[in-house]
Each structure stands twice: as C-alpha cells, then as structure tokens.
Amino acid sequence: MKLAEVVADGFGRIQEVVHEAVEGLSVEQLAARPAPGANTIAWLVWHLARVQDDHIADLMGTEQIWTAQGWLDRFALPFPAADIGYGHRPEDVDVVRVDSADLLTGYYDAVHEATTAWAADLDEAALDRIVDDAWDPPVTLGVRLVSVLSDDLQHAGQAAYLRGLVLRDT
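Okay, so let's go over this structure. (Residues numbered from 1 in each chain as written. Predicted model: local features only at pLDDT ≥ 70, side-chain atom pairs only at ≥ 80, totals over all residues. Heavy atoms only, no water.)

### Remarks on the overall build of the protein chain
When you go through the protein chain residue by residue, the secondary structure sums to 8 helices and 2 strands. Along the chain direction, N to C, the helices and strands of the protein chain fall in the order α-α-α-α-α-α-α-β-β-α. Here the C-alpha radius of gyration of the protein chain, 16 Å, is about what a compact globule of 170 residues would show, namely 15 Å. Over its C-alpha atoms, taken along the principal directions, the protein chain stretches across nearly 50 × 35 × 30 Å. Out of the 170 residues belonging to the protein chain, those deemed buried represent 49%. Sequence separation of at least 24 residues holds for 72% of the intrachain contacts in the protein chain that already meet a minimum separation of 6. Carbon and sulfur atoms make up 53% of the accessible area of the protein chain, which totals about 8600 Å². A distance of 5 Å separates the average location of the 11 positive side-chain charges in the protein chain from that of its 29 negative side-chain charges. (Helix = DSSP H or I, 4+ residues; strand = E, 2+ residues; numbered from the N terminus. Rg over C-alpha atoms; globule rule 2.2 N^0.38 Å. Buried < 20%, exposed > 50% of the residue type's maximum accessible area, 1.4 Å probe, protein only. Contact = heavy atoms within 4.5 Å. Areas by Shrake-Rupley, 256 points an atom, 1.4 Å probe, with all protein chains shown as cover. Lys, Arg positive; Asp, Glu negative; His and termini not counted. Charge placed at Lys NZ, Arg CZ, Asp CG, Glu CD.)

### Some thoughts on unusual backbone geometry
Put simply, D136 and P137 share a cis peptide bond, and its omega is 5°. Structurally, the position occupied by P137 is in the loop between β1 (130–132) and β2 (139–140). You will see that A76, though not glycine, has its phi angle at about 50°, which is positive. Inspection of the secondary structure puts A76 in the loop between α5 (71–75) and α6 (90–95). A relative accessible area of 57% places A76 in the exposed class.

### Some points on a negative patch on the surface
Together, E16, E20, E23, D99 and D102 give the surface a local cluster of negative charge. Tracing the chain through its elements places E20 in helix α1 (residues 3–22). With a relative accessible area of 54%, E20 lands in the exposed category. (Patch = residues over 30% accessible without salt bridge, like charges linked within 9 Å, V, L, I, M, F, W, Y side chains within 5 Å. Salt bridge = Lys/Arg side-chain N within 4 Å of Asp/Glu carboxyl O.)

### Structural notes on the environment of W66
Mapped onto the elements of the fold, W66 is located in helix α4 (residues 65–68). For the pair formed by W66 and Y108, sequence separation is 42 residues and the distance between their alpha carbons is 9.8 Å. In contact with W66, not counting residues within four places along its chain, are W46, R50, D53, W71, L72, F75, L77, A81 and Y107.

### Details of the nonpolar core
In this structure, F11, L30, I41, W46, F75, L104 and L145 are the most contacted members of the largest nonpolar core, which totals 50 residues. Looking at this core, the elements with two or more residues in it are α1, α3 (41–60), α4, α5, α7 (101–119) and α8 (141–168). Filtering out sequence-adjacent residues up to four positions away, W46 remains in contact with W66, F75, L77, F79, D83, I84, G85, H88, V96, L104 and Y107. (Core = buried A, V, L, I, M, F, W, Y, C linked by side-chain atoms within 4.5 Å.)

### A few points about α3
Working note: α-helix, 3.6 residues per turn, so residues spaced by three or four point in the same direction. With 20 residues, α3 ought to run about 28 Å at 1.5 Å a step, and its terminal C-alpha atoms sit 28 Å apart, in line with that. When you tally the buried positions in α3, you get 17 out of 20 residues, the bulk of the element. Just beyond α3, the residue with positive phi is G61, at close to 75°. (Expected span 1.5 Å × (residues − 1).)

### Things to note about the environment of A4
Position of A4 among the secondary structure elements: in helix α1. We classify A4 as buried; its relative accessible area is 15%. For the pair A4 and T116, spaced 112 residues apart in the sequence, the C-alpha separation amounts to 8.1 Å. Those residues within four positions of A4 in sequence are excluded, and the remaining contacts are A119, A120 and L122.

### A closer look at the packing of α3 against α8
α8 packs onto α3 with a crossing angle of 165° between their chain directions and a minimal axis gap of 9 Å. Taken as axis vectors, α3 and α8 run roughly antiparallel relative to one another. Helix-helix and strand crossings are classified by hand; for α3 and α8 the assignment is left-handed. Each residue belonging to the contact of α3 with α8 can be placed in one class, and the counts come to 14 nonpolar, 5 polar and 5 charged. (Axes fitted to C-alpha atoms, helices over the stretch in contact; angles between N-to-C directions. Parallel < 35°, antiparallel > 145°, perpendicular 65-115°, else oblique. Left-handed = near helix turned anticlockwise from the far one by under 90°. Nonpolar A, V, L, I, M, F, W, Y, C, P; charged D, E, K, R; others polar.)

This is the structure in structure tokens:
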C-alpha cells in the first residue's frame, strides 16, 4: 500500500463516520446536547471539518475551502473567517446551528475532496518535511497528518456516540 492510499483511507473513514453521524437528523437533533455545556453534533462536525480544512490548506499552501468555496457565507456564523473552534465556550457551541445535515456533509465532503486530491501525490519522502517550526521539536508533515487524522476521528466518534444518545431519546 502506498502512502497516498493510507492517507486516503484514513480520511475516508472520517468521511464515512461523519455521514453516518448526521444523515437523517433534524435541526433540533443536530443541536441537541447530552448535558449542559456539552458539544453538539453540529458543532463537532463543523469543528472537525474546519480543523482539517485549516491544517490541510496550510500544508497545500492554498486558501481554505471554507472561504474559497463560500462555505463561510453558507454557514453564516458570527465568527472570524479563520475560526476553527479551538477554545470555544458553550455559548459558542450554541451558535453553530445548521438548517440541515446536508450543509455539514457538503462542507466536509468538499474538504475531503481537496484533502484526498492533494494526498494523491504524497510520497514517503514528504513526511519528514518540517511544516511548523514554532514547536520543539518542529512539526513534520507526517506528524501533522497524524494529528489531523486523530483529532478528526475522535470528534467524528463523539458525534456518532451523541447520535446514539439523541436517537435513544426519541
């Protein structure tokens, strides 16, 4: 298996879980919280897509899908364009409301498509390239990819778990 195939498989798994977590849910279900202050499915999926978009666009040296394809306007959230959800408080989570699951999956799918198209040209030598020297040790492309995959899979799993709770209560 080639590196590009491994990366595509990893991000493909995130895409599958994202779709399974949100499809068929109502606006209210996407915004439901299992407990006061907890994250919602809508916020979790928006956040994981924003993290992937932000980090992969940085690796590609391109504008984020969020702004380049007009998702910022479609979501119409009151956050700065660069906001990806880090440090959000419960009040911020409340603001991430969508009018359908299709908005969430549409944005994630656009980010996924850009990610896998870029990853198709990756080879093993690229993994050692330093992409962020603000850390000690500096972050390599390989470490950044694992970080994004790990963070996104965790949030996708949280959204899937929350879906189970939401559907159990209906």
